[in-house]
Amino acid sequence: MVGYDPEASCVSSAEAAAAGSASGLVTRVLISPLDVIKIRFQLQIEQLSSRNPGAKYHSILQAVQRIFQEEGLVAFWKGHVPAQFLSVGYGAVQFMAFESLTKLVHNVTSYDARDSFVHFVCGGLAACTATVAVQPVDTLRTRFAAQGEPKVYRNLRHAVVTMYQTEGPWTFYRGLTPTIVAVFPYAGLQFSFYNILQHFSEWVIPAEGKKGGNVRNLVCGSCAGIISKTLTYPFDVIKKRLQVGGFEQARAAFGQVRVYRGLLDCMQQIMREEGPGGFFKGLSPSLLKAAASTGLIFFWYELFCSLLC
């Protein structure tokens, strides 16, 4: 079970970090294409419809075909190096913090570390800690995934130097406010629903029939990812829009571009120009990604923890 459990052998902080890093690395390789498509959808101003002649992307299948034809197979792994740094770093910090926080709660309070509410709070705090640690890498990942041809950034080093010289150090933390606002409930709901679904599955499946635990972890994680992503998705769209600020010249080939002065201005412009549906652009690939990534993250984490123990 993810989190501190006084009745079971638990992993140390170092083991949790190692398992979290490994699970993030493996998962990122598998879900990168969905992530690229999701980002392209989120950044498109035009309506995601074939009836709109100005829209570059209409659907998941059409986007896959167009990206493949225009940019080749490797385009689905654009920004993969910074994305891997993101996944490895985020996984290590998040799971290490979560295991430590749930243990702390159990030792210094009257709350049970296995309680769903405790998992919600500790999961949210752990994610916030990990987000602050890896936000610069997340911004780089978004820039690489968003740029078309010709490329603005040749490689990771060129991107870091160019962004620092032309936009200053704070550009690496663009979109941090909506990210923090969104990541606490998103991660909290992930851990909380995963915990609830695990307890539910244990109640449904008789004790003598508890086989295929890894499959159960995968299914519970996938369901938790879908629920949490749907509830917090608008903040993800706003974050992506803010992260590509100052990057408008690379977006010209994809259609209209907008300049946002901040969080509230971004929300107002999306509502005024794109309507409520604008906050849910890219939801379909995002739900696919959330189901796959969350399920795989918990699956691999539990598997690596069992190996380490």
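Conventions used here
- Residues numbered from 1 in each chain as written.
- Predicted model: local features only at pLDDT ≥ 70, side-chain atom pairs only at ≥ 80, totals over all residues.
- Heavy atoms only, no water.
- UniProt positions renumbered as here; feature names shortened; annotations may be inferred.
- Helix = DSSP H or I, 4+ residues; strand = E, 2+ residues; numbered from the N terminus.
- Rg over C-alpha atoms; globule rule 2.2 N^0.38 Å.
- Buried < 20%, exposed > 50% of the residue type's maximum accessible area, 1.4 Å probe, protein only.
- Contact = heavy atoms within 4.5 Å.
- Areas by Shrake-Rupley, 256 points an atom, 1.4 Å probe, with all protein chains shown as cover.
- Lys, Arg positive; Asp, Glu negative; His and termini not counted.
- Charge placed at Lys NZ, Arg CZ, Asp CG, Glu CD.
- Phe/Tyr/Trp six-rings, centres within 6.5 Å; stacked < 30°, edge-to-face > 60°.
- Lys NZ or Arg CZ within 6 Å of the ring centre and 35° of its normal.
- Domains from an automatic or database assignment.
- Buried area = accessible area lost by both parts, 1.4 Å probe.
- Axes fitted to C-alpha atoms, helices over the stretch in contact; angles between N-to-C directions.
- Left-handed = near helix turned anticlockwise from the far one by under 90°.
- Nonpolar A, V, L, I, M, F, W, Y, C, P; charged D, E, K, R; others polar.
- Salt bridge = Lys/Arg side-chain N within 4 Å of Asp/Glu carboxyl O.
- Core = buried A, V, L, I, M, F, W, Y, C linked by side-chain atoms within 4.5 Å.

Identification of the protein as Mitochondrial thiamine pyrophosphate carrier from Cuculus canorus is taken from an unreviewed UniProt entry. Of the comments in the UniProt record for the protein, the one headed Subcellular location (unreviewed entry) reads "Mitochondrion membrane". Taken verbatim from the UniProt record of the protein, the Sequence similarities (unreviewed entry) comment is "Belongs to the mitochondrial carrier (TC 2.A.29) family."

*Asks:* Sorry if this is basic, but what is going on with the overall build of the protein here?
*Replies:* Summing up its helical and strand segments, the protein has 9 helices and 0 strands in all. Counting from the amino terminus, helix and strand elements in the protein follow one another as α-α-α-α-α-α-α-α-α. Its C-alpha atoms give the protein a radius of gyration of 20 Å, within 12% of the compact-globule value 19 Å for 309 residues. The dimensions of the protein, computed from C-alpha atoms along their principal axes, are 60 × 40 × 35 Å. Relative to its full complement of 309 residues, the protein shows a buried share of 51%. Residue pairs at least 24 apart in sequence account for 79% of intrachain contacts in the protein once pairs closer than 6 positions are excluded. Looking at the protein as shown, the accessible area adds up to about 14000 Å², and 65% of this sits on carbon and sulfur atoms. Charge separation in the protein, taken as the distance between the mean sites of 28 positive and 21 negative side-chain charges, equals 8 Å.

*Asks:* Would you explain the UniProt feature "repeat: Solcar" (unreviewed entry) in the protein in this entry?
*Replies:* The sites that carry the UniProt feature "repeat: Solcar" (unreviewed entry) are, in the present numbering, residues 11-104, 114-200 and 212-307. The annotated region residues 11-104 carries 72% helix and 0% strand content, and the separation between its end C-alpha atoms amounts to 14 Å.

*Asks:* Please explain the packing of aromatic side chains as it appears in this structure.
*Replies:* Here a ring pair, both rings aromatic, is described through the centre-centre distance and the interplanar angle of the planes. Counted by the stated rule, this structure contains 12 aromatic pairs. Measuring from ring centre to ring centre gives 3.9 Å for Phe95 and Tyr301, while their planes differ by 15°; the resulting arrangement is stacked. One end of the pair, Phe95, is in helix α3 (residues 80-108); the other, Tyr301, is in helix α9 (residues 283-308), with 206 residues separating them in the sequence. With respect to burial, Phe95 and Tyr301 carry one shared label: buried. Taken together, the ring pairs connect Phe95, Phe98, Phe191, Tyr194, Phe298 and Tyr301 into an aromatic cluster. The side chain of Lys229 reaches across the aromatic face of Tyr186, ending 4.6 Å from its centre.

*Asks:* What should I look at first to understand the domain arrangement of the protein in this one?
*Replies:* When the parts come together, some accessible area is lost, and that loss is often what is quoted as the size of the interface. Segmentation of the protein into domains returns domain 1 (1-72 + 281-308), domain 2 (78-173) and domain 3 (175-280). Relative to domain 2, the C-alpha centre of domain 1 lies at a distance of 14 Å. Counting from both sides, the interface comprises 27 residues of domain 1 and, opposite them, 26 residues of domain 2. Of the roughly 2300 Å² buried between domain 1 and domain 2, counting both surfaces, carbon and sulfur atoms make up 62%. The largest contributions to the domain 1 side of the interface with domain 2 come from Tyr4, Arg28 and Ile39, which together make up 27% of the buried area.

*Asks:* When you look at the environment of Gly3 in this model, what are you seeing that I'm missing?
*Replies:* Along the chain, Gly3 turns up in the segment before α1 (13-43). Residue Gly3 is classed as buried on the basis of its relative accessible area of 4%. With 294 residues separating them along the chain, Gly3 and Ile297 place their C-alpha atoms 14 Å apart. In this structure Gly3 touches Phe98, Glu99 and Thr102, once residues within four positions along its chain are discounted.

*Asks:* I keep staring at the packing of α1 against α3 and nothing clicks. Help me out?
*Replies:* Helix packing for two helices is described by the angle between their axes and how far apart those axes are. With their axes 7 Å apart at the nearest point, α1 and α3 run at an angle of 145° to one another. When you trace α1 past α3, the crossing you get is right-handed. Contact residues: α1 offers Ser13, Ala16, Ala17, Gly20, Ser21, Ser23, Gly24, Leu25, Arg28, Val29 and Ser32, while α3 offers His80, Ala83, Gln84, Leu86, Ser87, Val88, Gly91, Ala92, Phe95, Met96, Glu99 and Ser100. Classifying every residue of the contact of α1 with α3 by side-chain character gives 10 nonpolar, 11 polar and 2 charged.

*Asks:* For this particular structure, what's the right way to read the pattern of salt bridges?
*Replies:* Where side chains of opposite charge bring their charged atoms close, a pairing between them can arise. The tally for this structure, following the rule as stated, stands at 16 salt bridges. Across the salt bridge formed by Asp236 and Lys239, the nearest N and O atoms sit 3.8 Å from each other. With a gap of 3 residues between them, Asp236 and Lys239 both fall in helix α7 (residues 213-243), about one helical turn apart. Classification of Lys239 as buried rests on a relative accessible area of 9%. Ionic pairing is found between Glu274 and Lys281, a salt bridge with its closest N-O pair at 2.8 Å. Under the relative-accessibility criterion, Lys281 is labelled buried at 7%. In the salt-bridge network here, residues are joined through shared partners; they are Arg28, Asp35, Lys38, Asp138, Lys229, Asp236, Lys239 and Lys289.

*Asks:* Please explain the nonpolar core as it appears in this structure.
*Replies:* In summary, soluble globular proteins display a tendency toward joint burial of nonpolar side chains. Judged by nonpolar contacts, the single largest core of 18 residues is most densely connected at Val2, Phe95, Phe98, Phe191, Tyr194, Phe298 and Tyr301. Within the residue set of this core, elements represented by two or more residues are α1, α3, α4 (116-146), α6 (176-204), α7 and α9. Residue contributions to this core peak at 4 residues, all from α3. Counting 9 residues, the second largest nonpolar core, distinct from the first, contains Ile45, Cys266, Ile270 and Phe279.

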